[in-house]
Amino acid sequence: KKDSTPTDIPTPPTPSFPERPSGEGDDSDADKFTYERSDDGWIISGVNAEGLKAQNLIVPYTYQGEKVTGIAADAFRGNTEIRQITIQDNIGLLYDGMFDGCSSLARLVLTGKPSTYTAGDGLRTGANFLIYVPKELETNYKLDYGWQKYAQYIRANADD
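For every chain, the first residue of the written sequence is number 1, and numbering continues from 1 along that sequence. Per-residue local features are limited, in this predicted model, to residues with pLDDT of at least 70; the limit for side-chain atom pairs, both in listing and counting, is 80 or more; totals at the level of whole chains, interfaces and linings are taken over all residues. Calculation of side-chain values draws on the structure's entire complement of heavy atoms; hydrogens and water are dropped beforehand.

Colleague: How should I be thinking about the sheet that holds strand E10 (residues 130-133) in this particular structure?
Modeller: Strands sit in the order E3-E6-E8-E10-E11 across an open sheet of 5 strands; the sheet is parallel. Because the sheet does not close on itself, it has two edges, and the strands there are strand E3 (56-59) and strand E11 (154-156). On average, each strand axis in the sheet is tilted by 25° relative to the strand beside it, whichever way the strands run. Judged from the 3 bridges that link them, E10 and E11 form a sheet pairing that is parallel. Pairing between strands requires that DSSP locate at least two bridges from one strand to the other. Starting at the N terminus, helices and strands are each numbered in turn, a helix being any DSSP run of H or I of at least four residues and a strand any DSSP run of E of at least two. Comment: axis = line fitted to C-alpha atoms, over the contacting stretch for helices; angle = value between 0 and 180 degrees taken between N-to-C directions.

Right under this line is the structure:
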């Protein structure tokens, strides 16, 4: 005989997505990118002629006084000059293959906590780079569920 008595099991709270920081960041390379408007700010759509010559790029925090909230999936693809890209904590989504064809890319520098960024299994597809994170967060990245798959490529940023 089956028991049909209702069981009162509390539902756990729905997890929330981390809020994008509202602080400030480094906008020194803002003039090296192209942009598209989005509902909540600017999206990096690509790299302009000046940016294509650069070996190091910092994805800006703001553009024209408004927050940069994302990077298009193909914004960096095929850039053979770039050696280092720094992504600040205003960007959350890192697309699979977004660095495909970046044959000189050696360093992807992330400035935020592991929970700041979402990356799929193919972030390094088409490019062979190491991921540099704040020194105090190296272990957190290597143990984080979303970043474990990249643990062998994660290094402490010596510049911190």
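Colleague: Looking at this model, I keep getting lost on unusual backbone geometry. Mind explaining?
Modeller: It is generally the case that most residues other than glycine have a negative phi and that most peptide bonds are trans. Backbone geometry at Gln-64 places phi at a positive 50°, although glycine is not the residue there. Within the secondary structure layout, Gln-64 lies in the loop between strand E4 (62-63) and strand E5 (66-71).

Colleague: Could you clarify how one ought to interpret the packing of aromatic side chains in this entry?
Modeller: Centre distance and the angle of the planes are the two values used to describe a pair of aromatic rings. To pair, rings of Phe, Tyr and Trp, with the six-membered ring standing in for Trp, must have centres within 6.5 Å; the planes then decide the type, stacked if under 30 degrees apart, edge-to-face if over 60, and tilted in the middle. Per the stated rule, a full pass over the model turns up 8 aromatic pairs. Relative to Tyr-63, the ring of Tyr-35 has its centre 3.6 Å away and its plane inclined at 10°; by these criteria the two rings are stacked. With Tyr-35 in strand E1 (residues 33-38) and Tyr-63 in strand E4, this residue pair connects regions lying 28 residues apart in the sequence. Note on Tyr-35: relative accessible area 14%, which makes it buried. Residue classification places Tyr-63 among the partly exposed residues on the basis of a relative accessible area of 23%. Taken together, a centroid distance of 5.4 Å and an interplanar angle of 80° make the contact between Phe-99 and Phe-129 edge-to-face. Here the residue Phe-99 occupies a position in the loop between strand E7 (93-94) and strand E8 (107-110), and Phe-129 occupies one in the loop between strand E9 (118-119) and E10, the gap between them amounting to 30 residues. Aromatic rings pair up to connect Phe-33, Phe-76, Phe-99 and Phe-129 into one cluster. Definition used: whenever NZ (Lys) or CZ (Arg) falls within 6 Å of the ring centre and also within 35 degrees of the ring normal, the charge is taken to sit over that ring. For the cation-ring pair, Arg-124 lies above Phe-129, with the distance from its terminal atom to the ring centre recorded as 5.5 Å. Relative accessibility thresholds used throughout: buried, under 20% of the residue-type maximum; exposed, over 50%; partly exposed, between the two (1.4 Å probe, protein chains only).

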